[in-house]
Amino acid sequence: MKIVAHSLVKNEDKWIWYSLMSVIDYVDEIMVWDTGSTDNTKSQILNIKSQINSKKIKFRERIAAVPFEITKTRQEMLEETKADWLIILDGDEIWPENAIKKTINTIKASGNKYEFLTSRYKNLIGDIYHYQEEKAGRYKIGNYFGNITIRAINMSSIPGLKFDLPYGKEGLFDINNIPIQDRIPQKSIVIEEPYLHATHLRRSNIQADLDTMQRTNKYKYELGLPMEKNFDYPKCFYFTGPSNPWKRRNLGYMLNAAWQTPLKLIKRRILDRFVA
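Residues numbered from 1 in each chain as written. Predicted model: local features only at pLDDT ≥ 70, side-chain atom pairs only at ≥ 80, totals over all residues. Heavy atoms only, no water.

Asks: Quick one: what's the story with the layout of surface pockets, residue by residue and with numbers?
Replies: Considering only enclosed or pocket space, the second largest pocket measures out at about 510 Å³ in volume. Along its surface, the second largest pocket is lined by 18 residues, and Lys14, Gly126, Arg202, Lys247 and Arg248 are the ones closest to its centre. At the level of secondary structure, the elements contributing two or more residues to the lining of the second largest pocket comprise strand 7 (127-131) and helix 6 (251-275). The residue inventory of the lining of the second largest pocket, partitioned by class, reads seven nonpolar, five polar and six charged. (1 Å grid on protein atoms, 1.4 Å probe; cavity = no way out; pocket = protein on both sides within 12 Å on 5 of 7 lines; lining within 4 Å. Points joined across faces, edges and corners; volume = space filled by probe spheres on them. Helix = DSSP H or I, 4+ residues; strand = E, 2+ residues; numbered from the N terminus. Nonpolar A, V, L, I, M, F, W, Y, C, P; charged D, E, K, R; others polar.)

Following this line, the structure appears as C-alpha cells:
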C-alpha cells in the first residue's frame, strides 16, 4: 500500500521544515510544490532533501496567483499522484508521533474499509504552549463538529476524485460532484490524536505574510488554553531546525490578547446559539 503526502506551500519558512520532518518517516513520498515563495521556504525544503538524502521529497515550483489557480494546482498534483492513499499536509501543520502513527496504522489496517479519515487538530495561538478552545472550530463532518478536517483520503475507492472550488473553500469531490464527506458517512473514522495547526502564528516574516494570499487575517491575538502538561510534542521540535518553535509569546502579544480574548469568547457563544 503506497501512501503519498501533498504539501502545497508559499512563504512557510517558520514551519515547513518541521511539517515535512514530522511525517517523512511515515509516508512513501511527499510531493512538495511551491507556489512562489519569497522567503526561505524553498531553501529549507531543498536542505531537508540534501541533509537526509531523502528521495521521498519530490519538489516542484508552480506560480498560483489567484484562488482558482491554487485549486488547479492541487488538481494537477492529484492527477500526478500514484498512490492508494493521499495525506494532505499544509506547510503550517506539524504532526506529533502518536497522531501520524495512528493515522498510518489505521490506513494500513483498514484496507478499503474507509474512504477517508477525519483528523482532530489543535489550533495554536500565540505560541506552541497555547491553543484555541474547541468552540473556535466551526467545521462539521458527519456528526462531528469543531477543529476537525479530512487529512487522509483513500484514492483507490472514490471514483473520479477531484479538487474543486477556489482556495479557501476548496474541497474534494467524487465523479458526481458530491463532497467526499457526504458520500458514505459510515465509511470514515475520526483520529482522536490531534496534530498541531500553526495557521494563527507567524508563518514567515511580516512582508512575506502580507504577500501571501488570504494570510493577513490569519495571525490572531488570543490568550487561549494552556497545552496539557503531558502533551506529546512532535519529535522534530527537539531537532536543530531553522527556527525556534519553543519561543514564547511576548508582553506585547499578551496585552493585545488580554482585551481581544473576551470579545472573541462572547462572539463564539452568540454564534453557538444560532447554530443550535
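Asks: Can you break down the pattern of salt bridges residue by residue, with the values?
Replies: Where charged atoms from two side chains of opposite charge approach closely, those side chains can pair. The tally for this structure, following the rule as stated, stands at 22 salt bridges. The salt bridge involving Glu133 is made with Arg269; its shortest N-O contact spans 2.9 Å. Taken together, the residues span a long stretch of sequence, with Glu133 in the loop between strand 7 and strand 8 (139-141) and Arg269 in helix 6 at a distance of 136 residues. A salt bridge links Asp174 to Arg183, with the nearest nitrogen and oxygen atoms 2.9 Å apart. Within the structure, one salt-bridge network assembled from shared partners comprises Glu12, Asp92, Arg203, Asp209 and Arg215. (Salt bridge = Lys/Arg side-chain N within 4 Å of Asp/Glu carboxyl O.)

Asks: I'd like a description of helix 4 (residues 97-110), backed by residues and values.
Replies: Given a rise of 1.5 Å per residue, 14 residues ought to cover 20 Å, and the 20 Å separating the end C-alpha atoms of helix 4 matches this to within 8%. Every buried residue of helix 4 is listed here: Glu97, Ala99, Ile100, Thr103, Ile104, Thr106, Ile107 and Ser110. Of the surrounding secondary structure, the elements contacted by the buried residues of helix 4 are strand 1 (3-9), helix 1 (16-23), strand 4 (85-88), strand 6 (116-125), strand 10 (148-154) and strand 13 (188-197). Within two residues after helix 4, Gly111 carries a phi angle of roughly 65°, on the positive side. (Expected span 1.5 Å × (residues − 1). Buried < 20%, exposed > 50% of the residue type's maximum accessible area, 1.4 Å probe, protein only. Contact = heavy atoms within 4.5 Å.)

Asks: Requested: an account of the nonpolar core, with residues and values cited.
Replies: Of all hydrophobic cores here, the largest spans 44 residues; its most connected members are Trp15, Leu20, Ile30, Ile107, Tyr233 and Phe237. With residues up to four places along the chain from it excluded, the contact list for Ile107 reads Met1, Ile3, Trp85, Ile87, Leu117 and Ala152. (Core = buried A, V, L, I, M, F, W, Y, C linked by side-chain atoms within 4.5 Å.)

Asks: Quick one: what's the story with the packing of aromatic side chains, residue by residue and with numbers?
Replies: Under the criterion given, the structure shown has 15 aromatic pairs. Both rings, one in Tyr219 and one in Tyr253, keep their centres 6.3 Å apart while their planes meet at 75°; by these two values the pair is edge-to-face. Of the two residues, Tyr219 is situated in the loop between helix 5 (206-210) and strand 14 (225-226) and Tyr253 in helix 6; the sequence distance between them amounts to 34 residues. For Tyr253, a relative accessible area of 3% corresponds to the buried category. Residues Tyr233 and Trp246 carry aromatic rings whose centres are separated by 5.3 Å and whose planes lie at 70° to one another, so their mutual orientation is edge-to-face. With Tyr233 in the loop between strand 14 and helix 6 and Trp246 in the loop between strand 14 and helix 6, the pair connects residues that are 13 residues apart, well separated along the chain. In this structure an aromatic cluster arises from ring pairing among Trp15, Trp17, Tyr18, Tyr129, Phe231, Tyr233, Phe237, Tyr238 and Trp246. When the ring centre of Trp33 is taken as reference, the NZ or CZ atom of Arg62 above it lies at 5.2 Å. Looking at Arg202, its charged tip hangs above the ring of Tyr219, at a distance of 3.8 Å from the centre. (Phe/Tyr/Trp six-rings, centres within 6.5 Å; stacked < 30°, edge-to-face > 60°. Lys NZ or Arg CZ within 6 Å of the ring centre and 35° of its normal.)

Asks: Could you give me a rundown of the pairing of strand 4, with the residues and numbers involved?
Replies: For a regular strand, side-chain orientation follows a simple rule: the groups alternate between the two sheet faces. With burial as the criterion, each face of strand 4 is covered, one bearing Trp85 and Ile87 and the other bearing Leu86 and Ile88. Where strand 1 lies against strand 4, four bridges are found, and the strand directions are parallel. Counterpart to Val4 in the pairing with strand 4 is Leu86. Sheet topology places strand 4 next to strand 10; three bridges connect them, and they run antiparallel. (Pairing = 2+ DSSP bridges.)

Asks: For unusual backbone geometry, give the residues involved together with the corresponding values.
Replies: Notably, Asn177 is not glycine yet its phi reads approximately 65°, a positive angle. On the secondary structure map, Asn177 appears in the loop between strand 12 (171-173) and strand 13. The phi angle at Gln214 is positive, at roughly 55°, despite the residue not being glycine.

Asks: Quick rundown of the environment of His200? Include the residues and the values.
Replies: Structurally, His200 can be placed in the loop between strand 13 and helix 5. With relative accessibility at 10%, the residue His200 sits in the buried group. Sequence-wise, His200 and Glu222 are 22 residues apart; in three dimensions their C-alpha atoms are separated by 9.7 Å. Aside from chain neighbours lying at most four places away, what touches His200 is Asn123, Leu124, Ile125, Gln132, Lys218, Tyr219 and Lys220.

Asks: How would you summarise the environment of Lys113 if you had to cite specific residues and measurements?
Replies: Tracing the chain through its elements places Lys113 in the loop between helix 4 and strand 6. Along the primary structure Lys113 and Glu134 are separated by 21 residues, whereas in three dimensions their C-alpha atoms are 29 Å apart.

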